[in-house]
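# Structural characterization, general
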Amino acid sequence: MAEAPLLLTNDPGERDRTDALLLGLVAEGDREAFGRLYDRFSGPLYSAALHILQDAAEAQDIVHDAFITLWEKASSFERTRGSAFSWAVTLVRNRAIDRIRMRRRRAELLAESVPEDLGYGTDNGAPSADDAAVQGDNARLVRAAIAALPAEQRRALELAFFGGLTQEEIARRLEEPLGTVKARIRRGLLKLREALAPQL
Amino acid sequence: MSREVREESSALHALGLLAGDELARFRRECHADPALREVSCVLREVTAHLVHWAPPYAAPEALRERLLEGIDLRRGTAGRPGREASGREPAG
């Protein structure tokens, strides 16, 4: 495998270029590049899947399927349409959300299946997965940016991203008009864009 | 289309909150409006970072091994990736 440069870097542009380079090697059938991409992405992807599904076996299945898709379709990746990381997040999140919606339809347990609180106000004892310093730094920046959002924007984003609820379901859950919910989501993401600009 | 409308529809799309006619309309408008495409792309990247909000857990080592075994099987039967893929899922 050709050596991918600067795997550990705080430069987001360099990080994305390295991810894209690794994905390009994966498209050529490079097993080692695939392993390195897995090592870079699997922590946050698995954590998100686990948080959405609240089931370790299902989260592993979702991450497994998403990485198989990355392997099979790496050659279709277009860097102009976004980063490799955002593509991987989309693959995992879409599968996880589909699964909880299917679960809800089956069991009609909508109210119980959405996490009430992400627990960052308290020590939830979650074991840290990120031994990669760069990934850890990035995660800390994101969490700080999210913590700085007004609570109502944070809650709307949380229900949308991890809860898998529709716009209407979020509005009902928050007992707010749909227009208010849409505005909160818009403002919340724009504030995050501003706060995370150096990372994008 | 105003900036606010672009931002709102892009935010909803990035979070997977558009469906049916709304989603179809957004895709049509995105195709025709470079400014909308740009906002949409940026907000998708912002949204991807929300994964770091989840409490951090390490994926089990067994998952890595299972994946690499699966890749070896695919390499053995199909060579380079994509040769046995039946369809393309949009990237990016």
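What comes next is a walk through the structure. (Residues numbered from 1 in each chain as written. Chains lettered and ligands numbered in written order. Predicted model: local features only at pLDDT ≥ 70, side-chain atom pairs only at ≥ 80, totals over all residues. Heavy atoms only, no water.)

### Re the overall build of chain A
To keep it simple, the criterion reads: Strands are runs of DSSP state E lasting at least 2 residues, helices are runs of H or I lasting at least 4, and numbering of each runs from the N terminus. Exposure categories follow from relative accessible area, calculated using a 1.4 Å probe and restricted to protein chains: below 20% of the type maximum is buried, above 50% is exposed, and the middle band is partly exposed. Two residues form a contact once any of their heavy atoms are found within 4.5 Å. Here the Shrake-Rupley method, with its probe set to 1.4 Å, supplies the accessible areas, and only the displayed protein chains count as covering residues.
A tally of regular secondary structure across chain A gives nine helices and zero strands. Ordering the α and β elements of chain A from the N terminus gives α-α-α-α-α-α-α-α-α. By the burial criterion, 56% of the 200 residues in chain A qualify as buried. A separation threshold of at least 6 residues defines the contact pool for chain A, and within that pool the share at least 24 residues apart is 64%. Carbon and sulfur atoms make up 50% of the accessible area of chain A, which totals about 8900 Å².

### Considerations on unusual backbone geometry
Residues and elements named next belong to chain A. The phi torsion at glutamine 54 lies on the positive side, around 55 degrees, for a residue other than glycine. Inspection of the secondary structure puts glutamine 54 in the loop between α2 (31-53) and α3 (56-73). Positioned with a positive phi, glutamate 175 is a non-glycine residue whose angle comes to about 55 degrees. Counting through the fold element by element, glutamate 175 comes out in the loop between α8 (167-174) and α9 (178-195). Overall, glutamate 175 belongs to the exposed group, its relative accessible area being 72%.

### Points about the interface of chain A and chain B
Spelled out, the test is: Buried area: the accessible area, evaluated with a 1.4 Å probe, that two parts lose upon being put together, summed over both parts. Any Lys or Arg side-chain nitrogen located within 4 Å of an Asp or Glu carboxyl oxygen qualifies as a salt bridge. For this analysis, a polar contact is any N or O atom pair within 3.5 Å, provided that within protein one partner can donate a hydrogen and the other can accept it, and provided that sequence-adjacent residues contribute only side-chain to side-chain pairs.
In this assembly, 80 residues from chain A lie in contact with 51 residues from chain B. Taking both partners together, chain A and chain B bury about 6300 Å²; carbon and sulfur atoms supply 64% of that area. Scanning the region where chain A abuts chain B turns up six salt bridges. The partner of glutamate 22 of chain B in a salt bridge is lysine 182 of chain A, with the nearest N and O atoms 4.0 Å apart. Summed over the shared surface of chain A and chain B, the number is 15 residue pairs in polar contact (both at pLDDT 80 or more). Listed by contribution, the elements that provide at least two residues to the side of chain A that touches chain B are α1 (12-27), α2, α3, α4 (84-107), α6 (133-147), α7 (151-161), α8 and α9 of chain A. Examining the composition of the side of chain A that touches chain B, we find that 14 residues originate from one element, α2 of chain A, more than from any other.

### Some points on the packing of α7 of chain A against α9 of chain A
Residues and elements named next belong to chain A. Applicable threshold: Helix axes are fitted only over the stretch in contact, all axes being lines through C-alpha atoms; the angle between N-to-C directions runs from 0 to 180 degrees. Note on angle classes: values under 35 degrees are labelled roughly parallel, values over 145 roughly antiparallel, values of 65 to 115 roughly perpendicular, and the remainder oblique. When residues are grouped by polarity, Ala, Val, Leu, Ile, Met, Phe, Trp, Tyr, Cys and Pro land in nonpolar, Asp, Glu, Lys and Arg in charged, and all others, Gly among them, in polar.
At a closest axis distance of 8 Å, the pairing of α7 and α9 adopts a crossing angle of 100 degrees. On the basis of their axis angle, the class for α7 and α9 is roughly perpendicular. Between α7 and α9, the contacting residues are Glu152, Gln153, Ala156, Leu157 and Ala160 on the first element and Arg184, Ile185, Arg187, Gly188, Leu189, Lys191 and Leu192 on the second. Its residues placed into classes, the contact of α7 with α9 shows six nonpolar, two polar and four charged.

### Quick word on the pattern of salt bridges
Taken as a whole and judged by the stated rule, the model has 15 salt bridges over all chains. Between aspartate 33 of chain B and arginine 6 of chain B there is a salt bridge, with the nearest N and O atoms lying 2.9 Å from each other. Highlighted residues: aspartate 33 of chain B in the loop between α2 (20-32) and α3 (34-48) and arginine 6 of chain B in helix α1 (residues 3-14), separated in sequence by 27 residues. Taken as a pair, aspartate 33 of chain B and arginine 6 of chain B share a single burial class, namely buried. Through salt bridges that share partners, Glu58, Arg99 and Arg103 of chain A make up one connected network.

Treat this as a map of the structure, not an account of what it does.
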